[in-house]
Amino acid sequence: MSGINDPRLKADELTVETLAAIDHDVKVLGSKSYTNRQIAVAALSGKEGVIDGALLSDDTVFFTRAVESFGHVSAEIDHENNRISFTPTGKPMVAPPEEIYVGGAGTPLRFLISMAGLAEGTTTITGNARMQERPFGDLLAALPGLGVDAVAVRGNGSPPIRVTGGNFNGGKTKISGAVSSQYTSSLLISSVLAKQDTEIEIVDELVSKPYVEMTLATLAEHGITVERDGYRWFKVPAGQSFKGGHAVVEPDASGLSYFIAAAAILGGRVTIPGIGSTSHQGDVGLVEVLGRMGAHTEITENSVTVKAGELRGIEVDMDAMPDVVPSLAAVAAFAEGRTHITNIASLRVKECDRIAAVTTELRKMGITVDEYDDAMTIHGGTPHAAVIDTYDDHRIAMTFAVMGLRTPGVVIKDPGCVAKSFPAFWQTLDSLR
């Protein structure tokens, strides 16, 4: 169920139909974060590779076509079977003559900047209008220490980014982890092919640590050893090679958040098979957070289950799982009391300013929200109908669609923006009926 032909993806707006209590197993498509990491590894491996269970969305398709543009690998995307196959062309990795465009795909753009350092010639990488506002300066500052010249064309730290490649020597570099952990992941993946050992020092506190764990797990799966000192220092020894071959992507923890949130606010049960306690995806932690709020939860090695309970507000630090803060906010809007969500400054520089967007749209629905630079406090109540602006942000659209399952008259503008990460979202939501 890829969802790519769902007519709702082309609609101007969509009115969400309310739903009574649910009792469902819900199949969620593959992890976007793992799919992106597997694409990067497959493209750099120099071997044939197949990714099964891949999330095929705007972001991952942009990324797949982008890595093909270096000429060293070809890819086949099978939407019917959620599979991406890679075949080496036997040609060297060279900068494409045309600039690489990735739309709103933030993680792929970060990964491509380092990957372009491995390609002979000069590569220019850019994205949509919002992407051209997002910060990349910390990654650009770290690459020269490894032999790669990467600069923002307009001198503002944001795309378009111009990378002069072919001299990814390795060595020692320092990088800030305060804005995004994906900069560190980008360096870790491409450093495998550096000419000498690569050492990466994190000069401050690394945000969103689980995403680095996902990168390390993907590298280990493909035979790569990385030495480390917690989240302060990493070393990628030179002379290693990716083993390539077959990879299977587990369900997307960010994507499942909407359906466990639905269970929490509607009553009943939702079980997500195929992901559980052994997952490195930090967003699985939302299950425990909902449990603290009064939902009944169960996590096994191979599934997560959420059942409704008496919801109450809590105080919670969401630094490790910022992408599911909107889903948490949806549940908090129905909970008794106040929910104070802290350590979420990174949401200011996502596909939109998600703190501001969630605050604005919840207030439209009659919910009181206190907004801070790096936090928000949601005072639970009874949301009412509203027309929801989605800011070209998939997570805003999906979050308020879930609220519309309980609140009549919720209208989602630009419902097609979900295609960025979850083209089958509306079909999957239908499956709850």
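Residues numbered from 1 in each chain as written. Predicted model: local features only at pLDDT ≥ 70, side-chain atom pairs only at ≥ 80, totals over all residues. Heavy atoms only, no water.

Participant: Run through empty space enclosed by the protein, naming residues and quoting values.
Facilitator: Under the criterion given, the structure shown has four cavities of 30 Å³ or more. Of the volumes computed, that of the largest cavity is approximately 340 Å³. What lines the largest cavity is a set of 29 residues, among which Thr107, Arg110, Gln182, Asp323 and Lys350 lie closest to the centre. When contributions to the lining of the largest cavity are tallied by element, the ones reaching two or more residues are helix 1 (32-45), helix 3 (106-116) and helix 11 (394-406). Among the elements that take part in the lining of the largest cavity, helix 1 stands out by supplying four residues, more than any other. (1 Å grid on protein atoms, 1.4 Å probe; cavity = no way out; pocket = protein on both sides within 12 Å on 5 of 7 lines; lining within 4 Å. Points joined across faces, edges and corners; volume = space filled by probe spheres on them. Helix = DSSP H or I, 4+ residues; strand = E, 2+ residues; numbered from the N terminus.)

Participant: Go over the pairing of strand 17 (residues 303-307), please, and point to the residues and values.
Facilitator: Residues in a regular strand project their side chains so that they alternate between the two faces of the sheet. Across the five residues of strand 17, four count as buried, placing the element largely inside the fold. As paired elements, strand 15 (residues 268-273) and strand 17 share five bridges and run antiparallel to each other. Opposite Pro273, over in strand 17, you have Ser303 as the bridge partner. Bridge count between strand 16 (residues 296-299) and strand 17: four bridges; the pairing is antiparallel. Bridge pairing in strand 17 places Glu298 opposite Thr305. Counted between consecutive antiparallel strands, the loop separating strand 16 from strand 17 contains three residues. (Buried < 20%, exposed > 50% of the residue type's maximum accessible area, 1.4 Å probe, protein only. Pairing = 2+ DSSP bridges.)

Participant: Could you give an account of the nonpolar core, with specific residues and numbers?
Facilitator: Generally speaking, a soluble globular protein has its nonpolar side chains buried in company with each other. Ranked by size, the top nonpolar core spans 80 residues in total, and within it Phe259, Ile272, Met318, Leu362, Phe425 and Leu432 carry the most contacts. With eleven residues, the single largest contributor to this core is helix 7 (residues 253-266). If we ignore the near neighbours within four places in the chain, the residues touching Phe425 are Tyr258, Phe259, Met398, Ala401 and Val418. One finds Val41, Phe86, Met131 and Phe242 within the second-largest nonpolar core, a separate group that totals 66 residues. (Core = buried A, V, L, I, M, F, W, Y, C linked by side-chain atoms within 4.5 Å. Contact = heavy atoms within 4.5 Å.)

Participant: Describe the sheet that holds strand 10 (residues 171-175), listing the residues and the values that go with them.
Facilitator: Across the sheet, four strands lie side by side as 10-11-13-12; this open sheet has mixed pairing. Here the strands that pair on one side only, and so sit at the sheet edges, are strand 10 and strand 12 (227-229). The average undirected angle you get between the axes of adjacent strands in this sheet is 15°. Pairing between strand 11 (residues 198-202) and strand 13 (residues 233-236): four bridges, direction antiparallel. By the bridge assignment, Thr198 is partnered in strand 13 with Val236. (Axes fitted to C-alpha atoms, helices over the stretch in contact; angles between N-to-C directions.)

Participant: Which residues make up the environment of Gln38, and what values go with them?
Facilitator: Within the secondary structure, Gln38 is located in helix 1. With relative accessibility at 2%, the residue Gln38 sits in the buried group. On a C-alpha basis, the gap between Gln38 and Gly49 in space is 9.4 Å, while along the polypeptide they are eleven residues apart. Residues in contact with Gln38, not counting those within four places in the same chain, are Ile51, Thr218, Glu221, His222, Ala247 and Val249.

Participant: Lay out unusual backbone geometry with the relevant residues and their values.
Facilitator: For the bond from Pro159 to Pro160, the omega torsion is 5°, close enough to zero to count as cis. Along the polypeptide, Pro160 turns up in the loop between strand 8 (149-152) and strand 9 (161-165).

Participant: Please give an account of the sheet that holds strand 22 (residues 386-388) that cites residues and values.
Facilitator: Across the sheet, which stays open at both edges, the three strands sit in the order 1-23-22 with mixed pairing between neighbours. Where the open sheet ends on each side, the last strands, each with one partner, are strand 1 (13-15) and strand 22. Averaged over all pairs of adjacent strands, the angle between strand axes in this sheet comes to 20°, irrespective of strand direction. Strand direction decides the pairing type here: strand 22 and strand 23 (residues 410-413), joined by three bridges, are parallel. Among the inter-strand pairings, Val387 is bridged to a residue of strand 23, identified as Val411. Helix-sheet contacts for helix 11 involve strand 22 and strand 23, and the interaxial angle to strand 23 is about 165°.

Participant: Which residues make up the packing of aromatic side chains, and what values do they have?
Facilitator: In this description, a pair of aromatic rings is defined by centroid distance and the angle of the planes. Per the counting criterion, the structure on display carries seven aromatic pairs. Judged by centre distance (5.7 Å) and plane angle (75°), the ring pair of Phe422 and Phe425 falls under edge-to-face. By way of ring pairs, the aromatic residues Tyr258, Phe259, Phe422, Phe425 and Trp426 are connected into one cluster. The aromatic ring of Phe136 is capped on one face by Arg110, whose charged end is 5.2 Å from the ring centroid. (Phe/Tyr/Trp six-rings, centres within 6.5 Å; stacked < 30°, edge-to-face > 60°. Lys NZ or Arg CZ within 6 Å of the ring centre and 35° of its normal.)

Participant: Lay out the environment of Ala419 in plain terms, naming residues and giving numbers.
Facilitator: When you line up the elements, Ala419 lands in the loop between strand 23 and helix 12 (425-431). Residue Ala419 is classed as buried on the basis of its relative accessible area, which comes to 11%. Once you skip the residues sitting within four places of it in the chain, Ala419 turns out to touch Ser57 and Asp58.

Participant: With reference to specific residues and values, describe the side chain of Thr390.
Facilitator: For Thr390, the location among the structural elements is in the loop between strand 22 and helix 11. The class of Thr390 is buried, set by a relative accessible area of 3%. Setting aside its immediate chain neighbours within four residues, Thr390 contacts Ile396, Ala397, Ile412, Lys413, Asp414 and Cys417.

Participant: Run through the packing of helix 1 against helix 3, naming residues and quoting values.
Facilitator: In helix packing, the relevant descriptors are the interaxial angle and the interaxial distance, both defined with respect to the helix axes. Between helix 1 and helix 3, the shortest axis-to-axis distance is 10 Å and the interhelical angle comes to 25°. Comparing the axis directions of helix 1 and helix 3 gives the class roughly parallel. Of the two possible hands of crossing, helix 1 and helix 3 adopt the one that is right-handed. Between helix 1 and helix 3, the residues in contact are Asn36, Arg37, Ala40, Ala43 and Leu44 and Thr107, Pro108, Phe111 and Met115, respectively. Residues that form the contact of helix 1 with helix 3 fall into these classes: six nonpolar, two polar and one charged. (Parallel < 35°, antiparallel > 145°, perpendicular 65-115°, else oblique. Left-handed = near helix turned anticlockwise from the far one by under 90°. Nonpolar A, V, L, I, M, F, W, Y, C, P; charged D, E, K, R; others polar.)

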